[in-house]
Amino acid sequence: MIKGLVACGSGIATSTVAQQAVKKILADAGIEADISKGNITEITVKQNTVDIIFTTSNYTQPTKVPVIKVFGLISGIGKDKIKDEIIAACLEIEKNK
């Protein structure tokens, strides 16, 4: 099972929409996942408990796990590319677990 975190500025609105989109993408791909949500400032602490992080804004700090910017899932811009990136990254994580 993949453990992921969706993070936005406040951890409320945008992350909720993105969280649902990521969950659907992974479910449709047959990837079992537990996706939580939070805000950008929580990444440094929560990165120790997840396999991957999805952000709705730019996050440039170093992390121990992969980070994928998923704002396009909300805006619709580049949605298919982001979807493919999410699936590929999660399949790679599953393979290496």
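An account of the accompanying structure is given in this report. (Residues numbered from 1 in each chain as written. Predicted model: local features only at pLDDT ≥ 70, side-chain atom pairs only at ≥ 80, totals over all residues. Heavy atoms only, no water.)

Notes on the pairing of strand β2 (residues 33–39)
Part 1: Pairing analysis gives 7 bridges linking strand β1 (residues 2–8) to β2, with the strands arranged parallel. The residue of β2 that forms the bridge with C8 is N39.
Part 2: Handedness of the crossover is the feature at issue here: the chain leaves β1, passes through helix α1 (residues 13–28), returns alongside β2, and the resulting connection is right-handed. (Pairing = 2+ DSSP bridges. Helix = DSSP H or I, 4+ residues; strand = E, 2+ residues; numbered from the N terminus. Right-handed = clockwise from strand over helix to strand, strands pointing away.)

Overview of the sheet that holds strand β4 (residues 67–69)
Part 1: One open sheet accounts for 4 strands, arranged β2-β1-β3-β4; its pairing is parallel. At either end of the open sheet lies a strand with only one pairing partner, and these are β2 and β4. Across this sheet, the average inter-strand angle for adjacent strands is 25°, counted without regard to direction.
Part 2: Sheet contacts for helix α4 (residues 79–96): β1, β3 (52–55) and β4; angle to β3, the most-contacted strand, approximately 165°. (Axes fitted to C-alpha atoms, helices over the stretch in contact; angles between N-to-C directions. Contact = heavy atoms within 4.5 Å.)

A look at the side chain of Q19
Part 1: Its place among the elements puts Q19 in helix α1.
Part 2: Judged by relative accessible area, which is 8%, Q19 ranks as buried.
Part 3: Setting aside its immediate chain neighbours within four residues, Q19 contacts V6, I35, S36 and K37. (Buried < 20%, exposed > 50% of the residue type's maximum accessible area, 1.4 Å probe, protein only.)

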